[in-house]
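# Structural description and commentary
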2 protein chains.
Amino acid sequence: MSLILALDFGGTKLAAATVNAGSRDWLSYERRLQGENASANTDLEIMRSLMASVLQEKKPDAIGVSFGGPVDATTGTVRLSHHVPGWENIPLRKLLEEEFSVPCSVDNDANVAALGEYRFGAGQGYDSLFYMTVSTGVGGGWIINGLPWRGAEGMAGEIGHMVVDPSGPVCLCGKRGCVERLASGPYMALDAREALLNERTRSRGEILRELVGDKLELITGKVVSEAATTGDELAVELLYRSSWALGVGIGNVANLMNPQRFVLGGGVTKAGENFWAVLQRVARETALPEVNFEIVPAVLGDDAPLWGAVALAMLKLSTTPKT
Amino acid sequence: MSLILALDFGGTKLAAATVNAGSRDWLSYERRLQGENASANTDLEIMRSLMASVLQEKKPDAIGVSFGGPVDATTGTVRLSHHVPGWENIPLRKLLEEEFSVPCSVDNDANVAALGEYRFGAGQGYDSLFYMTVSTGVGGGWIINGLPWRGAEGMAGEIGHMVVDPSGPVCLCGKRGCVERLASGPYMALDAREALLNERTRSRGEILRELVGDKLELITGKVVSEAATTGDELAVELLYRSSWALGVGIGNVANLMNPQRFVLGGGVTKAGENFWAVLQRVARETALPEVNFEIVPAVLGDDAPLWGAVALAMLKLSTTPKT
């Protein structure tokens, strides 16, 4: 029986776990929040202690790694982290292979989570699927013919910067009306704050304002979502726009790639029934009538990257010649 | 040496050709225009006579077929033709296999042309590419990992109905501002006619009007393109919008799938340097800076479906167990 070591380098937390290949129960599991002055070095130091703790001196047969940032999956080299400095061009796979002398595979978190949901979650049995995470950003990962599709240079899945409304607000990426600009939590919060500061709309958003005791800087995507549930008109409008943008994006992807299933995870997708109803309707209206698909919630939650790392390690084992 | 029979059921013409596997020169080639009262039956009758003529009583080793309409490629069944009645649920592969007792493969023209450009044209050596045809409609076909990707139910590639401007004009598909609604020849012609009938814009489009001797019904996408070359303001605007829509669509696809190369064919893409420059610029601006790709013109022209049918037949030969 193969012992799998799964690692998750997130933007705010680190996790390590072990599992016997084929099992759905962790043998051991450790998670730690990163400090305020996190760097690649402190991340690696913390992860070393987590690994020592979960391995208890056992040797893994393969290692799978999820990294929260762009990765060259063919070499296992981290390109950079958008959250933690010092990760530029770190050969993470090489470091781990040298330390453990076992096969190791590294990929970015969206691709890994897609693989996790495919092997262990809401995508089981669906050989072509698109996984999307909608939280602080909007990212995605592909399974095509039962395998991850990373694109020619590992950049596939960037649905977040698909333009769905060319006359929409400007995104950090420089374009107007990207899916991420309209759908992500921080951007919804930003637009809520701006609307509340704008006198002309002062009559709207009162519930939203109350929820944060008039401290607009406390507004988050989650707060917008809560305010919408209680009927705040401004919040309802912002959340509608988020689900509309996701629906258009998903419908376009359905036309383009015709996957069997869309699996959606991330905090924003917990916004409730109405959010899902709009998203489903707009996706259906955007796709051609002949194009069939299902959109379902992800089920692995915060553990999707770790379970995906397990699947990644098992893929690696199955394709590595025995020595 | 294997003898390949390649068939092309287009919307306005039928073609058959033979080639030795591996060769780039047709052994024989016949093409016929369909009559005004074409039906599935007359199409099949004409094709039978073309086949007899190109085969000269030789027996092919495999048959590849391009069909201008939706096809279930797994069974080789034509779903329908948008141009010729009577093609609903015709088991074209079965008919041909029964007639010739050799392996046969049938797919829709965009997928087949993609394969043709990949094996014999502008896509040679590019294992991930997206082929697009921009003429009376806008369609596309995928090569992923060196193989056609048709989607879960054969519908992949429908970039024509990706929404790029939700406030744009209404398309036959019911949505606003699809790529096809803005970029295809007939829609450009339609919008030109409408603008010329509109008094407020009577000062514009004079060259366009002259080109058709004031007979607005004679305006086609090609005429718009010619008028644009001579500086007609209205035509320039319509052609710009076409190339803009294609650029946004391509940029979005680049973010989503990260293919190495885009290959563009079809009449509209012959609109000249300026058309290509806008398309290239907008695609580059729409894609994320880290996402690399090339956009190149298709090279096989009208023969792309036939050459693709050859590649399809060769793929079929390579995966069919020898008896």
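What counts, and where the lines are drawn
- Residues numbered from 1 in each chain as written.
- Chains lettered and ligands numbered in written order.
- Predicted model: local features only at pLDDT ≥ 70, side-chain atom pairs only at ≥ 80, totals over all residues.
- Helix = DSSP H or I, 4+ residues; strand = E, 2+ residues; numbered from the N terminus.
- Rg over C-alpha atoms; globule rule 2.2 N^0.38 Å.
- Buried ≥ 20, exposed ≤ 12 C-beta atoms within 10 Å, placed from the backbone.
- pLDDT = per-residue confidence, 0-100.
- Pairing = 2+ DSSP bridges.
- Axes fitted to C-alpha atoms, helices over the stretch in contact; angles between N-to-C directions.
- Contact = placed C-beta atoms within 7 Å.
- Expected span 1.5 Å × (residues − 1).
- Least-squares fit on C-alpha atoms with pLDDT ≥ 70 in both.

### What about the overall build of chain A?
From N to C terminus, chain A includes 10 helices and 12 strands. Relative to the compact-globule value of 20 Å for 323 residues, chain A shows a C-alpha radius of gyration of 20 Å, a close match. Each of the three principal axes of chain A carries a C-alpha extent, and together these read 70 × 50 × 35 Å. The proportion of buried residues among the 323 residues of chain A is 52%.

### Concerning the confidence of the model for chain A
As a general rule, the predicted coordinates of low-pLDDT regions are not to be interpreted in detail. Residue-level pLDDT values for chain A average 93, and 98% of them are 70 or greater. Interface confidence for the predicted complex, expressed as ipTM, amounts to 0.88; the pTM equals 0.90.

### Thoughts on the sheet that holds strand β7 (residues 104–108) of chain B
Residues and elements named next belong to chain B. As summarised here, the arrangement of the five strands in space is β3-β2-β1-β4-β7, forming an open sheet in which the pairing is mixed. On the outer flanks of this sheet lie β3 (28–33) and β7, each paired with one strand and no other. The average angle at which neighbouring strand axes cross in this sheet is 10°, direction not considered. Examined bridge by bridge, strand β1 (residues 3–9) and strand β2 (residues 13–20) share seven bridges and lie antiparallel to one another. Among the inter-strand pairings, F9 is bridged to a residue of β2, identified as L14. Of the strands in this sheet, β4 (62–67) and β7 are in contact with helix α2 (residues 92–100), which crosses β7 at around 155°. Packing against the sheet, helix α3 (residues 109–120) makes contact with β4 and β7, and its axis sits at approximately 110° to β7.

### Digging into unusual backbone geometry
Residue and element names in this part refer to chain B. If you check the backbone angles, E57 has positive phi at about 70° while not being a glycine. Taking the C-beta count within 10 Å as the criterion, E57 has 5 such neighbours and is therefore assigned exposed. In this model, N89 sits at a positive phi of 55°, which is unusual for a non-glycine residue. By secondary structure assignment, the location of N89 is in the loop between β6 (77–78) and α2. Overall, the presence of 9 C-beta atoms within 10 Å leaves N89 in the exposed class.

### Comments concerning helix α10 (residues 304–319) of chain A
Residues and elements named next belong to chain A. Between its terminal C-alpha atoms α10 stretches 22 Å, which fits the 22 Å expected from 16 residues at 1.5 Å a residue. Of all the residues in α10, the buried ones are A304, P305, L306, W307, G308, A309, V310, A311, L312, A313, M314 and K316. As for α10, its buried residues are in contact with β1 (3–9), β2 (13–20), β4 (62–67), β7 (104–108), α3 (109–120) and β11 (261–265).

### Regarding the interface of chain A and chain B
Taken residue by residue, the interface counts 32 residues in chain A and 32 residues in chain B. It is helix α8 (residues 233–257) of chain A that provides the largest number of residues to the side of chain A that touches chain B, a total of six residues.

### Brief notes about the relation of the copies chain A and chain B
Taken as rigid bodies, chain A and chain B are interconverted by a rotation of 180° and an axial shift of 0.0 Å, the fit giving an RMSD of 0.0 Å. Expressed as an axis order, the relation between the two copies is that of a two-fold axis. Comparing contact sets, 100% of the residues at the interface of chain A also lie at the interface in chain B, consistent with an isologous, same-surface contact.

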